[in-house]
Amino acid sequence: MGSESDLESAQASLVTWLAVGTVVGGALQFLVQLPGVLRLSRGVRMSVRTDLPGVRTTYALPISLFGVAVAAAELPELAGASARQLAAVAARLEAGRARIAVFVLPTVVASLVVGDLLVAAVFQGGAFGRLDAGGVATPG
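Note that this is a predicted model, so its numbers are computed, not measured. (Residues numbered from 1 in each chain as written. Predicted model: local features only at pLDDT ≥ 70, side-chain atom pairs only at ≥ 80, totals over all residues. Heavy atoms only, no water.)

(A) Examining the confidence of the model for the protein chain more closely. Of the residues in the protein chain, 78% reach a pLDDT of 70 or more, and the chain-wide mean stands at 77. When mean pLDDT is compared element by element in the protein chain, helix H1 (residues 2-40) scores highest at 87, while helix H4 (residues 130-137) scores lowest at 68. (pLDDT = per-residue confidence, 0-100. Helix = DSSP H or I, 4+ residues; strand = E, 2+ residues; numbered from the N terminus.)

Written out as structure tokens, the structure reads:
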């Protein structure tokens, strides 16, 4: 009876220490990279030019994030499937595609409806005004 309680206590302690280690590791990674980023970003300034390569790819970010997350969850199962299980693989791929759509469609709608507010909340200030925020948030 006592050993089950001890096991649960040990597991809770392990989970706590793993969480602490994850947070400390993330903070250390940030602190190690910060001096280099600050040194390299001295000459960088904000721009609202949308003709630069990669500026419009920001709109593909939600699709990329959700797609990678679903793929990472599905790959172990798909890797174990044999050629005889093609129907099961096709069904899993279709289910994954549907899951991505569930996340992406609300994100796209939110981006179209309140995208200018989101961009303004993050970037507006100084020389970056309301019209600049609207230009960045407007797809196309």
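(B) Structural context of the pattern of salt bridges. Considering all chains together, one arrives at three salt bridges under this definition. Taking the shortest distance from any N to any O, the salt bridge between Arg-99 and Glu-74 comes out at 2.8 Å. In this pair, Arg-99 sits in helix H3 (residues 86-123) while Glu-74 sits in helix H2 (residues 61-80), placing the two residues 25 residues apart along the sequence. Residue classification places Arg-99 among the partly exposed residues on the basis of a relative accessible area of 35%. Classification of Glu-74 as buried rests on a relative accessible area of 8%. We note a salt bridge from Arg-97 to Glu-94, for which the minimum N-O separation is 2.8 Å. Residue Arg-97 and its partner Glu-94 are both found in helix H3; the two are separated by three residues, about one turn of the helix. (Salt bridge = Lys/Arg side-chain N within 4 Å of Asp/Glu carboxyl O. Buried < 20%, exposed > 50% of the residue type's maximum accessible area, 1.4 Å probe, protein only.)

(C) Region of interest: the packing of H2 against H3. Taken N-terminus to C-terminus, the directions of H2 and H3 make an angle of 155°; their axes are 9 Å apart at the nearest point. The angle between the axes of H2 and H3 places the two elements in the roughly antiparallel class. The way H2 lies across H3 gives a crossing that is right-handed. In contact with Pro-62, Ile-63, Phe-66, Gly-67, Val-70, Glu-74, Glu-77 and Leu-78 of H2, H3 contributes Val-89, Arg-92, Leu-93, Gly-96, Arg-99, Ile-100, Phe-103, Val-104 and Thr-107. (Axes fitted to C-alpha atoms, helices over the stretch in contact; angles between N-to-C directions. Parallel < 35°, antiparallel > 145°, perpendicular 65-115°, else oblique. Left-handed = near helix turned anticlockwise from the far one by under 90°. Contact = heavy atoms within 4.5 Å.)

(D) Up close: H2. Over its 20 residues, H2 extends 29 Å from the first C-alpha to the last, a length consistent with the 28 Å expected when each residue adds 1.5 Å. At Glu-74, H2 shows its largest bend, some 40°, and a proline, Pro-76, comes one to four positions later. (Expected span 1.5 Å × (residues − 1). Bend = angle between axes of the 7 residues up to and from the residue.)

(E) Summary view of a nonpolar patch on the surface. Taken together, the side chains of Trp-17, Val-20, Val-24, Leu-28, Phe-30, Leu-31, Leu-34 and Leu-38 present a nonpolar region at the surface, about 800 Å² in accessible area. Along the chain, the position of Trp-17 falls in helix H1. Judged by relative accessible area, Trp-17 falls into the exposed class, the value being 61%. (Patch = residues over 30% accessible without salt bridge, like charges linked within 9 Å, V, L, I, M, F, W, Y side chains within 5 Å. Areas by Shrake-Rupley, 256 points an atom, 1.4 Å probe, with all protein chains shown as cover.)

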